[in-house]
Amino acid sequence: MGRLQGKIALITGGARGLGEAMGRAMAAEGAAVALTDLLEEEGTRVAADLTEQGHKAMFLQQDVTDEARWDAVVAEVSDRFGGLNVLVNNAGIAAVGAIDEASFADWRRTQAVNLDSVFLGCRAGVRYMKDQGGGSIINISSIEGIVGNAVLAAYNASKGGVRLLTKSAAVRCAEAGFGVRVNSIHPGFVMTAMVSEGFADAPPEMADQVIAMTPMKRFGTPEEIAAGAVFLASEESAFMTGSELVIDGGVIAQ
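## Here we look at the sheet that holds strand 6 (residues 180–187)
Phase 1 of the analysis: The seven strands lie next to each other as 3-2-1-4-5-6-7, forming an open sheet whose pairing is parallel. Edge positions in the open sheet fall to strand 3 (57–61) and strand 7 (244–247), since each of these has one partner strand only. Across this sheet, the average inter-strand angle for adjacent strands is 20°, counted without regard to direction.
Phase 2 of the analysis: Pairing analysis gives five bridges linking strand 1 (residues 8–12) to strand 2 (residues 32–37), with the strands arranged parallel.

Listed below in structure tokens is the structure:
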């Protein structure tokens, strides 16, 4: 029996990167997995691959900033798989810009995708799960939601918001007896497609600088973040809510 046998998981931003890794890891542990993303071709391919491997999987196109779409997605997942036990708010973007250089348009877009969508996801998840016996909500924040970076003003703010929104939702659900746990994961520098694309536009020495500032002297892998998500989705973390799971190779321990 897998650690998530019988559970139904919805993962946003599931077409690639961390979302894909979490979807594959949860499916391997027995969960039925619903992946959502704007990237329809890539997401459909991942879901099809999981299905071919014998797992229960589906893909839905979703703009996570669309309020009405959230209720529709939860309903579609519930209709297909019979419920919803795990929700991972993973979809996100990164906008580089110091406070004196960033545009307001970039600021607003970053908050919409990285923070507003997590609010919408948590609200939809809590409303559904509290009437279905509980569940686990996992919000993907960042170490940049705990410490500041001079050139990531909008990203810092959005991920810091995710950190405290998680705690607010966790306390509400626990005190109200909803049976819904809400935790956040704070990855460090992980080599995903988005990060790789960012480094392609950066000075060549930047990757070396990142490795140098990481005590473990390497980038993380999507699978290492996915392992943390599986733990928070499982009953192994039954006494955890409002917690921050930092997976960063020791960066913010310094």
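The rest of the description comes next.
## Brief notes about helix 8 (residues 222–233)
Phase 1 of the analysis: With 12 residues, helix 8 ought to run about 16 Å at 1.5 Å a step, and its terminal C-alpha atoms sit 16 Å apart, in line with that.
Phase 2 of the analysis: Those residues of helix 8 not exposed but buried are Pro 222, Ile 225, Ala 226, Gly 228, Ala 229, Val 230, Leu 232 and Ala 233.
Phase 3 of the analysis: Tucked into the core, helix 8 has its buried residues touching helix 1 (17–28), strand 4 (86–89), strand 5 (135–140), strand 6 and strand 7.

## Description of the side chain of Thr 192
Phase 1 of the analysis: Within the secondary structure, Thr 192 is located in the loop between strand 6 and helix 6 (193–200).
Phase 2 of the analysis: What makes Thr 192 buried here is its relative accessible area of 12%.
Phase 3 of the analysis: For Thr 192, the residues in contact, after removing those within four places along its chain, are Gly 17, Leu 18 and Pro 222.

## Some details on the packing of helix 1 against helix 2 (residues 40–52)
Phase 1 of the analysis: Two elements in contact, helix 1 and helix 2, have axes whose closest approach is 11 Å; the angle formed by their N-to-C orientations is 15°. Considering their axes alone, helix 1 and helix 2 lie roughly parallel with respect to each other. Read as a crossing pair, helix 1 and helix 2 show a hand that is right-handed. In contact with Glu 20, Gly 23, Arg 24 and Ala 27 of helix 1, helix 2 contributes Val 46, Asp 49 and Leu 50.
Phase 2 of the analysis: In the contact of helix 1 with helix 2, the residues fall into three nonpolar, one polar and three charged.

## Some details on helix 3 (residues 67–81)
The periodicity of an α-helix, 3.6 residues per turn, causes residues three or four places apart in sequence to face the same way.
Phase 1 of the analysis: Over its 15 residues, helix 3 runs 22 Å from end to end, which matches the ideal 21 Å to within 8%, given 1.5 Å per residue.
Phase 2 of the analysis: What helix 3 keeps buried is the set Trp 70, Val 73, Val 74, Val 77, Ser 78 and Phe 81. For helix 3, the arc enclosing every buried residue in end-on projection is 130°, short of the 170-degree limit, so these residues lie on one face. For helix 3, the exposed residues lying more than 90 degrees away from the buried face are Ala 68 and Asp 79.
Phase 3 of the analysis: Buried-residue contacts for helix 3 involve strand 1, strand 2, strand 3, strand 4 and helix 4 (104–129).
Phase 4 of the analysis: Gly 82 sits one or two positions beyond helix 3 and adopts a positive phi of about 95°.

## Side note on the nonpolar core
Phase 1 of the analysis: Counting residues in hydrophobic clusters, the biggest one holds 30 residues, and the most contacted among them are Leu 10, Val 77, Ile 137 and Val 180.
Phase 2 of the analysis: Ignoring sequence-local partners within four residues, the contact set of Ile 137 consists of Leu 87, Asn 89, Cys 122, Gly 125, Val 126, Met 129, Val 180, Arg 181, Val 182 and Asn 183.
Phase 3 of the analysis: By size, the runner-up hydrophobic cluster in this structure holds 28 residues, among which are Leu 4, Ala 47, Phe 59 and Val 230.

The rules behind these values
- Residues numbered from 1 in each chain as written.
- Predicted model: local features only at pLDDT ≥ 70, side-chain atom pairs only at ≥ 80, totals over all residues.
- Heavy atoms only, no water.
- Pairing = 2+ DSSP bridges.
- Helix = DSSP H or I, 4+ residues; strand = E, 2+ residues; numbered from the N terminus.
- Axes fitted to C-alpha atoms, helices over the stretch in contact; angles between N-to-C directions.
- Expected span 1.5 Å × (residues − 1).
- Buried < 20%, exposed > 50% of the residue type's maximum accessible area, 1.4 Å probe, protein only.
- Contact = heavy atoms within 4.5 Å.
- Parallel < 35°, antiparallel > 145°, perpendicular 65-115°, else oblique.
- Left-handed = near helix turned anticlockwise from the far one by under 90°.
- Nonpolar A, V, L, I, M, F, W, Y, C, P; charged D, E, K, R; others polar.
- Arc of directions from axis to C-beta.
- Core = buried A, V, L, I, M, F, W, Y, C linked by side-chain atoms within 4.5 Å.

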